[in-house]
Every structure is written in C-alpha cells, then in structure tokens.
Amino acid sequence: MSKQFFWAFRHFLSNIPSINRGGCAIAALAMYKLGKSLGMNVQIMYLYNDSFRYSQNQMAKEGKDNPTGCHHAIIILDNMYFLDSTKDVNIYKYDYRHVVSEELVRSSLVQDAWNPDFDRIRYLREIEDVLGEKLLISQYG
C-alpha cells in the first residue's frame, strides 16, 4: 500500500453523505490509522467552539472524566497540514483545540452521541471494509 492510497481513501471518505456532520471523528480515526500504517506523521485533533466539551476531554486526557465529542475532528499531517475528509481546515476558527489519542477518540465515539445526520450504521462498515480493519467502535452486530 502506498501513500497514494491515503489520498484515494480521503477522497472516498469525502463522498460519504454527512461525513462531517456526525462522522468526522470516524473519518479522522480512519485516516489516522491508515496514515500511521503507511509511516506518515499524523495526529488527531479535536476542535471546539466552547469550553465545556474541551474541558471535559482535557480531564479525560488526564484520566479524570469520560471523553465526549467535539465540534469537529481532523488530522494533522506532518505537523503543518490540518485536514478533514474533504478540505483543509482553519483551526483558528475554533476557540479551543487539542491533540487527542486514538483511545480517547474511540471512547468518545462509543460513549457520546454524535450528530445523527451521519448514518453510522450504514457507513462505518463500508469505511472499515475499504480501510481493511475494524475501528473497534462498531454499533452493528
């Protein structure tokens, strides 16, 4: 598998309906896992418009609370490119942001409600099939 597959996979994600309206953390996690497997320098960042969820996830990072969702989830590529599944993201449009671990993302996806515009049951399986691995957040049997 080559780095070209990463960009093709991102394009595949961009065509999923409402991927950035309830599926952005799934997309970020999938791109993160693929990027890591290809030896790319990639991190996951959660972005927030208010301090409530940011503070809760900051506490979760310290093991003092349960993780929650965010307003938007993206990846950081090579410490300089801020990307979601469809576009470059201006992180400065968000008041709060931090890098989060793969484990925090998984926990927040399982423990919190996300925008139902994204059909998680339908598209999670498809994303995992193209990625070639489970993201370990399945909500289908």
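The rules behind these values
Residues numbered from 1 in each chain as written. Predicted model: local features only at pLDDT ≥ 70, side-chain atom pairs only at ≥ 80, totals over all residues. Heavy atoms only, no water. Helix = DSSP H or I, 4+ residues; strand = E, 2+ residues; numbered from the N terminus. Rg over C-alpha atoms; globule rule 2.2 N^0.38 Å. Buried < 20%, exposed > 50% of the residue type's maximum accessible area, 1.4 Å probe, protein only. Contact = heavy atoms within 4.5 Å. Pairing = 2+ DSSP bridges. Axes fitted to C-alpha atoms, helices over the stretch in contact; angles between N-to-C directions. Expected span 1.5 Å × (residues − 1). Arc of directions from axis to C-beta. Core = buried A, V, L, I, M, F, W, Y, C linked by side-chain atoms within 4.5 Å.

Engineer: Any chance you could explain the overall build of the chain here in plain terms?
Structural biologist: Scanning the chain from terminus to terminus reveals 5 helices and 4 strands. Its helices and strands taken in sequence order, the chain reads α-α-β-α-β-β-β-α-α from the N to the C terminus. Over its C-alpha trace the chain gives a radius of gyration of 14 Å, about what one expects of a compact globule, namely 14 Å for 141 residues. Taken across its 141 residues, the chain has 48% of its residues classed as buried.

Engineer: Quick question: what am I supposed to make of unusual backbone geometry here?
Structural biologist: Both trends apply: most residues other than glycine have a negative phi, and most peptide bonds are in trans. Its identity is not glycine, yet serine 18 carries a phi of approximately 60°, on the positive side. Examined against the element boundaries, serine 18 turns out to sit in the loop between α1 (3-14) and α2 (24-37). Classification of serine 18 as partly exposed rests on a relative accessible area of 29%.

Engineer: Is there a simple way to think about helix α4 (residues 102-111) in this case?
Structural biologist: One turn of the α-helix equals 3.6 residues, which is why residues spaced by three or four share an orientation. Within α4, burial applies to Glu102, Leu104, Val105, Arg106, Ser108 and Leu109. Packing partners of the buried residues in α4 comprise α2, β1 (42-48), α3 (51-61), β4 (96-100) and α5 (120-131).

Engineer: Looking at this model, I keep getting lost on the sheet that holds strand β2 (residues 72-77). Mind explaining?
Structural biologist: Two pairing modes exist for strands in a sheet, parallel and antiparallel, and in both the strands are linked by backbone hydrogen bonds. Across the sheet, which stays open at both edges, the 4 strands sit in the order β3-β2-β1-β4 with antiparallel pairing between neighbours. Each having just a single partner strand, β3 (81-83) and β4 make up the two edges of the open sheet. With direction set aside, neighbouring strand axes in the sheet form an average angle of 30°. Here α3 sits on the sheet in contact with β1 and β4, set at roughly 25° to β4.

Engineer: Looking at this structure, I do not really get α1. What am I missing?
Structural biologist: For α1, built from 12 residues, the straight-helix expectation of 16 Å at 1.5 Å per residue is met to within 8% by its first-to-last C-alpha distance of 17 Å. Inspection of α1 places Phe6, Phe9, Arg10, Phe12 and Leu13 among the buried residues, and these make up the whole buried set. One side of α1 holds all its buried residues, which, seen down the axis, span an arc of 155°. Seen from the open side of α1, the exposed residues pointing more than 90 degrees away from its buried face are Gln4 and His11. Elements that come into contact with the buried residues of α1 comprise α2, β2, β3 and α5.

Engineer: Looking at this structure, I do not really get the nonpolar core. What am I missing?
Structural biologist: Core analysis: the biggest nonpolar cluster contains 39 residues, and Phe9, Tyr46 and Ile127 have the highest contact counts within it. Counting residues in each nonpolar core, the second largest holds 7 residues, with Met45, Leu47, Ile74 and Ile76 among its members.

Engineer: So what exactly am I meant to see when it comes to the pairing of β1 here?
Structural biologist: Note on strand geometry: in a regular strand, side chains alternate between the two faces of the sheet. Most of β1 sits out of view: 6 of its 7 residues are buried. Pairing of β1 with β2 involves 6 bridges; the strand directions are antiparallel. Note that in β2 the partner of isoleucine 44 across the bridge is isoleucine 75. Pairing analysis gives 5 bridges linking β1 to β4, with the strands arranged antiparallel. Bridging across to β4, isoleucine 44 finds its partner in valine 100.

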